[in-house]
Each structure stands twice: as C-alpha cells, then as structure tokens.
Amino acid sequence: MLTINSPFLPAATAGHPTEDEVEAIPRQVAGLLKLGQPQFVIYCFGQALKPKDIYFGSDRNFNLCTNYQITGEFVTRAVCHVVGDPAAANVKIQVDSFNIVPAD
C-alpha cells in the first residue's frame, strides 16, 4: 500500500512507476513508522478574538462587526491510540500525552 497503490506516485507514469519513484515513499516515511501500538497525533489550534471595527447602520440599531482583533492564541499536541474492539463497536480514545506547544 505504501508503494504501488500509493496516491503519491505521479499520475504521468500511467500505472508504470519507476523503481526510484516506488522506493522513495518507504524511504521517506520509514522514520515515522514504528513497531508496536498504532498511535496518531492531534494538533489543535485556537484563537481568542474581539470585535475591532463595528459598522453602525443609519438607525444605530444595526451593528455589524467587519473585522476582528486576535487577543490570544493556543496550540496543543496530543498523542493518542485506540483501545477496544472496533468489530464490537466498543472503542475509546486513550490519550498517551498532552502538551501545550510553546509560543515562538
């Protein structure tokens, strides 16, 4: 699945990729794969906003915010894995680690 059936191969090869193209994908992802329990990483990004420019209509009853100012940002990283039997529809997400990503 990581080589011949990969969607990352060039479409111009029309089903006949070169050996270099086929072997490039496993070489690039080998460092990301490891034995053991499958895990996945979730990055979450959020912003706190406040109205910056407010447009008032002619009757002063119509307020429309046309721009927002960013007052804060927050980034987190969570590493998780699935626990349970998917066939029995009895699965849960187990969080292995949760970190707040520091600002630059």
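Residues numbered from 1 in each chain as written. Predicted model: local features only at pLDDT ≥ 70, side-chain atom pairs only at ≥ 80, totals over all residues. Heavy atoms only, no water.

A. Representation of the environment of Leu64 in the model. Assignment of secondary structure puts Leu64 in strand β2 (residues 63–85). Between the alpha carbons of Leu64 and Asp53 there is a distance of 8.4 Å; along the sequence they are 11 residues apart. (Helix = DSSP H or I, 4+ residues; strand = E, 2+ residues; numbered from the N terminus.)

B. Up close: the pairing of β2. Two elements, β2 and strand β3 (residues 90–100), share 10 bridges in a ladder whose sense is antiparallel. When the sheet's bridge partners are listed, Asp85 is paired in β3 with Asn90. What sits between the antiparallel neighbours β2 and β3 is a turn of 4 residues, in which Ala89 has the positive phi angle 55°. (Pairing = 2+ DSSP bridges.)

C. Region of the structure containing helix α1 (residues 19–29). Taken together, the buried positions of α1 are occupied by Val22, Ala24 and Ile25. The buried residues of α1 occupy an angular sector of 155° when projected down its axis, which confines them to one face. Those residues of α1 that are exposed and angled more than 90 degrees off the buried face are Glu19, Asp20 and Arg27. (Buried < 20%, exposed > 50% of the residue type's maximum accessible area, 1.4 Å probe, protein only. Arc of directions from axis to C-beta.)

D. Region of the structure containing the side chain of Thr76. Within the secondary structure, Thr76 is located in strand β2. Taking the relative accessible area as the measure of exposure, Thr76 reaches 8% and is therefore buried. Apart from the residues lying within four places of it in its own chain, the contact partners of Thr76 are Ile42, Tyr43, Cys44, Phe98, Asn99, Ile100 and Val101. (Contact = heavy atoms within 4.5 Å.)

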